[in-house]
Amino acid sequence: MKMFVSKKYGFVAVVLFLSLTIQAQEFSLKDAIKIALERNYQIQISQQQQQIAQKNNTWSEAGLFPTVTLNVSSNNAIQDNRENPFTFTPVLLLQQGLTPSLNVNWNVFSGFLVKMTKTRLEHLETQSGGNAMLLIENTVFEVIKSYYSTVLQREKLALLEELLGYSRERLKLIEIKKDFGASNSLDLMQFKNQYLSDSMNVMMQQLTYENAMRNLALFLNFDLDTLLNPTDALNYNFPVLNAEAFRQDLMKNNRNIQNQYINLSLAETQTKVQQSFLYPTVNVQFGYQYAKNSLRALDVPDLSANINVPNYYANVTLRYNIYNNWKSKRAVEVAKIQEDIARLNLEDVKRSVANQGELLIRMYKVRSDLVTLSTENLIYAQKAYELALERFNFGTINSIDLMSVRNQYVQTKLTHLDNLYARVEVFFDLSRLLGLLSLEYQ
């Protein structure tokens with residue numbers, strides 16, 4: 001942005017360099033979303049959490065397979081029996097031993113706990129994926145809003161710059177006419193006032209545009225001072241909304257509802273996990289142990305002995321918890337209450353999503369109708385402005401009438417741009433509600 005003071009006019013004018021737009025980084029909406037998804041730290045964290053859930057979702061983590069343990073122990077001791085009258089070996093005795101063992105522990109039956117645990121791990125993996133997709137949906141939607149907000153502010157800035165350029169040229173022309181006596185002071189003051197107003201409007205809109213670019217740069221994880229130039233336009237053809245098909249797909253594809261179903265499945269599985277503790281458990285242990293020991297008298301070199309003892313074992317343990325202060329029973333009851341809470345949350349989310357869907361359906365229809373009306377209104381406002389310019393040039397209307405028509409045209413154009421952005425926002429909000437954003441950018 002370049003500021004200069006005109007000595008002839010005595011007021012501040014604002015001129016924006018086109019080089020800012022040329023140097024700005026151009027990218028489409030899909031490019032912006034791709035960059036945002038790759039650079040978003042929360043999405044990267046959710047991907048790591050997904051990997052953790054995938055690695056945990058195994059039968060071995062659920063406890064199906066036996067555990068095998070190898071132990072090797074070395075025992076060393078010195079026993080002084082020289083002052084012990086009750087021993088047959090009144091010597092200084094060194095005891096050394098090496099005991100390797102191989103133990104296998106297998107939980108054969110635990111009241112279906114292994115199966116329920118595996119099911120729970122599967123639900124947790126699905127839940128982590130659902131949370132990741134919900135995060136993607138929200139990120140994509142925020143990037144879309146920020147992207148088109150930048151486009152909106154840029155379009156408004158272009159309109160105000162165009163009007164500023166016209167005001168500047170018109171003011172010069174009026175001054176020339178006044179020098180030759182072909183214009184009056186009222187017209188000159190009117191156009192000076194309009195030029196100053198246009199200059200201030202451009203300055204304020206430039207600030208709004210820069211803030212919009214910073215917000216978009218923040219979502220893209222760019223430097224906040226990066227110049228961005230979105231290439232997609234606000235005005236493009238949207239599909240016709242089939243309200244009935246939307247309502248049917250909403251309950252099936254909405255990500256929040258799907259996540260609540262997963263939460264309900266987890267609650268049901270947790271109830272079965274708690275019920276498994278009411279059953280007896282059967283545990284099998286078997287293994288091999290070899291004990292190798294040596295005894296040697298330190299003060300009698302010829303006195304020594306070696307002892308080797310192999311040991312094989314196989315044990316079966318049946319465990320049944322007869323009474324633990326009804327702790328297991330209470331755990332089952334609490335789990336069932338958690339199930340009821342999950343069902344209530346599901347119904348609440350379904351009702352909320354359905355209400356939000358109906359609101360967006362109506363809003364999308366209204367926004368589409370407003371775009372149609374504002375498009376037609378803009379055509380007439382632009383024609384009226386062009387006609388007012390011709391009449392002003394012929395002297396049939398004064399500068400006040402011209403400014404009135406011009407301001408009406410500007411307000412109509414700004415309103416039309418706002419309607420275009422509002423329709424875009426509602427359309428992608430509908431897509432997010434249907435789960436289409438996460439599917440497209442998965």
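Keep in mind the model is a prediction, meaning the values are calculated, not measured. (Residues numbered from 1 in each chain as written. Predicted model: local features only at pLDDT ≥ 70, side-chain atom pairs only at ≥ 80, totals over all residues. Heavy atoms only, no water.)

Below, the discussion takes up the overall build of the protein chain. Secondary structure assignment for the protein chain yields 11 helices and 8 strands. Taken over the C-alpha atoms alone, the protein chain extends approximately 140 × 60 × 35 Å along its principal axes. Counting the 442 residues in the protein chain, one finds 38% classified as buried. Summarising the internal contacts of the protein chain: among those between residues at least 6 apart in sequence, 80% fall at separations of at least 24. With the model as given, the accessible surface of the protein chain reaches about 26,400 Å², and the carbon-plus-sulfur share is 55%. When the 44 basic and 42 acidic side-chain charges of the protein chain are each reduced to a single mean position, those positions are 2 Å apart. (Helix = DSSP H or I, 4+ residues; strand = E, 2+ residues; numbered from the N terminus. Buried < 20%, exposed > 50% of the residue type's maximum accessible area, 1.4 Å probe, protein only. Contact = heavy atoms within 4.5 Å. Areas by Shrake-Rupley, 256 points an atom, 1.4 Å probe, with all protein chains shown as cover. Lys, Arg positive; Asp, Glu negative; His and termini not counted. Charge placed at Lys NZ, Arg CZ, Asp CG, Glu CD.)

Overall, antiparallel pairing links the 4 strands, which are arranged β4-β5-β7-β8 in an open sheet. Whereas interior strands pair on both sides, the edge strands pair on one side only; in this sheet they are β4 (67–80) and β8 (304–319). Adjacent strand axes in the sheet meet at a mean angle of 15°, parallel and antiparallel pairs treated alike. As judged from the 14 bridges shared by strand β5 (residues 92–109) and strand β7 (residues 281–297), these two strands associate in the antiparallel manner. (Pairing = 2+ DSSP bridges. Axes fitted to C-alpha atoms, helices over the stretch in contact; angles between N-to-C directions.)

Where helix α9 (residues 327–394) meets helix α10 (residues 399–433), the axes come as close as 7 Å, and the angle between the chain directions of the two elements is 155°. Here α10 runs roughly antiparallel to α9, going by the angle between their axes. Read as a crossing pair, α9 and α10 show a hand that is left-handed. Considered class by class, the residues forming the contact of α9 with α10 number 23 nonpolar, 11 polar and 6 charged. (Parallel < 35°, antiparallel > 145°, perpendicular 65-115°, else oblique. Left-handed = near helix turned anticlockwise from the far one by under 90°. Nonpolar A, V, L, I, M, F, W, Y, C, P; charged D, E, K, R; others polar.)

This part is about the packing of helix α7 (residues 243–253) against helix α8 (residues 255–276). The relative placement of two packed helices is expressed as an angle between their axes plus a distance between the axes. Two numbers describe how α7 lies on α8: the axes approach to 6 Å, and their chain directions differ by 40°. Considering their axes alone, α7 and α8 lie oblique with respect to each other. For the pair formed by α7 and α8, the contact residues are Leu250, Met251, Lys252 and Asn253 on the first element and Arg255, Ile257 and Gln258 on the second.

Right, let's talk about the pairing of β5 for a bit. With 14 bridges joining them, β4 and β5 adopt antiparallel strand pairing. Within the sheet, the bridge partner assigned to threonine 67 lies in β5 and is asparagine 105.

Note: β7 against β8, 16 bridges, orientation antiparallel. Among the inter-strand pairings, valine 282 is bridged to a residue of β8, identified as leucine 318.

Bringing the side chain of aspartate 429 into the picture now. Mapped onto the elements of the fold, aspartate 429 is located in helix α10. Excluding residues that lie within four positions of it along the chain, aspartate 429 makes contacts with Phe141, Gln356 and Leu360.

Let us look at the side chain of serine 28. As for its placement among the helices and strands, serine 28 is situated in the loop between β3 (25–27) and α2 (29–39). Within the structure, the side chain of serine 28 is placed 3.1 Å from the side chain of aspartate 31, a separation counted as a polar contact. Leaving out residues up to four positions away in the same chain, serine 28 has contacts with Tyr147, Thr231 and Asp232. (Polar contact = N/O pair within 3.5 Å; in protein donor to acceptor, adjacent residues only side chain to side chain.)

Below, the discussion takes up the environment of glutamate 339. Relative to the helices and strands, glutamate 339 is located in helix α9. The exposure class assigned to glutamate 339 is buried, which follows from its relative accessible area of 11%. When the C-alpha atoms of glutamate 339 and valine 349 are compared, they prove to be 15 Å apart, with 10 residues separating the residues in sequence. For glutamate 339, the contacting residues outside a window of four places in its chain are Leu264, Ala267, Glu268 and Thr271.

Throughout the structure, instances matching the rule amount to 17 salt bridges. Salt bridges here are not isolated pairs; linked through shared partners, they connect Glu268, Glu339, Asp340 and Arg343. (Salt bridge = Lys/Arg side-chain N within 4 Å of Asp/Glu carboxyl O.)

The tally for this structure, following the rule as stated, stands at 11 aromatic pairs. When the ring of phenylalanine 112 is compared with that of tyrosine 279, the centres are 5.8 Å apart and the planes differ by 85°; the resulting orientation is edge-to-face. Taken together, the positions of phenylalanine 112 in the loop between β5 and α5 (113–179) and tyrosine 279 in the loop between α8 and β7 put the pair 167 residues apart, joining distant regions of the chain. Every member of this aromatic cluster is reached through a ring pair, and the members are Phe27, Tyr147, Tyr148, Tyr364, Phe427 and Phe428. In this structure, lysine 118 is placed above the aromatic ring of tryptophan 59, and the distance from its NZ or CZ to the ring centre is 5.4 Å. Cation over ring: arginine 432 sits above phenylalanine 141, and NZ or CZ is 4.6 Å from the ring centre. (Phe/Tyr/Trp six-rings, centres within 6.5 Å; stacked < 30°, edge-to-face > 60°. Lys NZ or Arg CZ within 6 Å of the ring centre and 35° of its normal.)

Taken together, Val68, Leu70, Val72, Leu98, Leu102, Tyr288 and Tyr312 make up a surface patch of nonpolar side chains, about 740 Å² in accessible area. Elements with a contribution of two residues or more to the nonpolar patch: β4 and β5. If one sorts the elements of the nonpolar patch by residue count, β4 sits on top with 3 residues. Position of leucine 70 among the secondary structure elements: in strand β4. Under the relative-accessibility criterion, leucine 70 is labelled exposed at 63%. (Patch = residues over 30% accessible without salt bridge, like charges linked within 9 Å, V, L, I, M, F, W, Y side chains within 5 Å.)

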